[in-house]
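Close look at the chain arrangement
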Amino acid sequence: MGTNGSTMLEPLRQGLPPIDPSAVSGSATCTLPARYEAVRGARQFTRATLSGWGLSERFDDVALVVSELVTNALRHALPCDIPREPQDPPVRLHLMQWTSRLVCAVRDPSHASPVASAAADSAESGRGLFLVESFSDCWGWHPSPVLGTESTSPAAAPRGKVVWALFRLSDTA
């Protein structure tokens with residue numbers, strides 16, 4: 001299952017070389033509106049980005065995971081009946097590529113941790129994180145620091161979270 005807290009990035013390190021921020025070979029971000037139509041836009045953004053990186057063959061798995069993460073952010077982090085601060089960051093999709101891995105991450109303004117739960121056989125929803133776990137190599141989440149502050153500052157309280165999924169790539173990708 002996904003991880004959190006101080007161990008949130010450990011799965012990114014397991015069995016892979018350490019992530020060197022300067023070794024990122026591709027990075028793309030899009031802001032998504034608080035509408036369910038944004039899921040389609042996230043898939044289109046993912047298709048275009050992966051195609052540009054020569055990773056079109058990974059689209060099906062990555063798009064399914066992106067769809068689930070964005071849907072969860074829209075459903076649970078941006079519910080209509082909960083007032084939000086105007087400065088709350090919108091939902092953002094980040095795609096990052098290294099030689100041996102691809103990470104998709106969705107940032108949202110909610111403090112609530114993602115929870116994978118068992119859905120009844122007849123349920124029409126509730127399997128999103130199970131699909132994320134099944135189609136990615138690992139996933140996790142971590143709190144987002146307040147924008148514009150140093151993450152080491154004691155006053156930098158987390159605001160929102162980032163839920164990520166990692167996909168291993170062949171060394172020849």
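Keep in mind that this is a model prediction, so the values were computed, not measured. (Residues numbered from 1 in each chain as written. Predicted model: local features only at pLDDT ≥ 70, side-chain atom pairs only at ≥ 80, totals over all residues. Heavy atoms only, no water.)

What to know about the side chain of T71
For T71, the position within the fold is in helix α3 (residues 59-77). A residue is classified by how much of its surface remains accessible, and T71, at 18% relative accessible area, is buried. In terms of polar contacts, T71 uses its side chain to reach the backbone carbonyl oxygen of S67, at 2.7 Å. In this structure, T71 is in contact with Y36 and V39, ignoring residues within four places of it in sequence. (Helix = DSSP H or I, 4+ residues; strand = E, 2+ residues; numbered from the N terminus. Buried < 20%, exposed > 50% of the residue type's maximum accessible area, 1.4 Å probe, protein only. Polar contact = N/O pair within 3.5 Å; in protein donor to acceptor, adjacent residues only side chain to side chain. Contact = heavy atoms within 4.5 Å.)

Digging into the pattern of salt bridges
Any two side chains of opposite charge can pair if their charged atoms end up close together. One pass over the full model with this rule turns up two salt bridges. Note that E37 is salt-bridged to R35, the shortest N-O span being 3.5 Å. With relative accessibility at 54%, the residue E37 sits in the exposed group. Between K161 and D108 there is a salt bridge, with the nearest N and O atoms lying 3.0 Å from each other. (Salt bridge = Lys/Arg side-chain N within 4 Å of Asp/Glu carboxyl O.)

So, the pairing of strand β1 (residues 26-32)
Burial along β1 is one-sided: the face carrying G26, A28, C30 and L32 is buried and the face carrying S27, T29 and T31 is not. Pairing of β1 with strand β2 (residues 91-97), which is carried by seven bridges, proceeds in the antiparallel orientation. Residue pairing for β2: T31 is matched across the bridge by R92. (Pairing = 2+ DSSP bridges.)

So, the pairing of strand β3 (residues 101-108)
The buried fraction of β3 amounts to eight of the eight residues, a majority that puts the element mostly inside the structure. Side chains R101, V103, A105 and R107 of β3 all project onto a buried face; the interleaved residues L102, C104, V106 and D108 project onto the opposite face, where all are buried too. Across six bridges, β2 lies against β3 in antiparallel orientation. Along β3, the bridge assignment pairs R92 with R107. Two successive antiparallel strands, β2 and β3, enclose a turn made up of three residues.

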